[in-house]
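Structural overview
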Amino acid sequence: MRLKPGTRLESAACDTQVVVVRAPKDEPDVDLRCGGQPMREAGSAEARVAASAPGEPTVMGKRYADDDLGVELLCTQGGEGTLTIGDTPLVVRGAKPLPSSD
């Protein structure tokens, strides 16, 4: 799947929905999955399929990233599936610390 910033995707296996924040420039196709199934464009009329890979559920409002590949996703709706690139789980990005007000 070719990723572009602003693209909305949904899981084929659960309720997870994401927006692409950052996409790789050098990698034309990314094997983005949720629950072991390939992600698809949001609003797809295709039927759901069973999740094939158990793991940590996605959480709404969290950013998921793979810094080596240059992918960052914002979860807009949580679900039971784990976001992965191939079989490698994406890392939840922590909040950036604010500067001191002293």
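To keep things clear, this report deals only with the structure shown in the data block. The structure presented is a predicted model; accordingly, all values stated were derived computationally and were not measured. (Residues numbered from 1 in each chain as written. Predicted model: local features only at pLDDT ≥ 70, side-chain atom pairs only at ≥ 80, totals over all residues. Heavy atoms only, no water.)

1. What to know about the environment of L3
- Mapped onto the elements of the fold, L3 is located in the segment before β1 (8–10).
- On the basis of relative accessible area, L3 is assigned to the buried category, the value being 7%.
- Those residues in contact with L3, other than ones at most four positions away along the chain, are L9, V20, A23, V30, L32 and V71. (Helix = DSSP H or I, 4+ residues; strand = E, 2+ residues; numbered from the N terminus. Buried < 20%, exposed > 50% of the residue type's maximum accessible area, 1.4 Å probe, protein only. Contact = heavy atoms within 4.5 Å.)

2. A few points about the side chain of D66
- Structurally, D66 is set in strand β6 (residues 63–66).
- Of the side chains bearing the opposite charge, R22 lies closest to the buried D66, which forms no salt bridge; the N-O distance is 7.7 Å.
- A polar side-chain atom of D66 sits 3.1 Å from the main-chain amide nitrogen of D68.
- Those residues in contact with D66, other than ones at most four positions away along the chain, are V71, I85 and L90. (Lys, Arg positive; Asp, Glu negative; His and termini not counted. Salt bridge = Lys/Arg side-chain N within 4 Å of Asp/Glu carboxyl O. Polar contact = N/O pair within 3.5 Å; in protein donor to acceptor, adjacent residues only side chain to side chain.)

3. Looking at the sheet that holds β6
- In space, the 6 strands of this open sheet follow the order β5-β1-β2-β7-β6-β10, with antiparallel pairing throughout. Each edge of the open sheet carries a strand with a single partner, namely β5 (40–41) and β10 (91–93).
- Sheet topology places β6 next to strand β7 (residues 71–77); 4 bridges connect them, and they run antiparallel. For A65, the partnering residue across the bridge sits in β7 and is E72. (Pairing = 2+ DSSP bridges.)

4. What to know about the nonpolar core
- Among the nonpolar cores identified, the biggest contains 17 residues, and L3, L32, L73 and L83 are the most heavily contacted of them.
- For this core, the element with the highest residue contribution is β7, accounting for 3 residues. (Core = buried A, V, L, I, M, F, W, Y, C linked by side-chain atoms within 4.5 Å.)

5. Regarding the pairing of β6
- Once β6 ends, the chain turns through 4 residues before running back antiparallel as β7, passing G70 with a positive phi of about 90°.
- As paired strands, β6 and β10 are joined by 3 bridges and run antiparallel to one another. In the sheet register, A65 faces β10, and the bridge partner there is V91.

6. What about the pairing of β7?
- Of the strand pairs in this sheet, strand β2 (residues 17–22) and β7 are connected by 5 bridges, and their pairing is antiparallel. Its bridge partner being in β7, V18 is matched across the sheet by C75.

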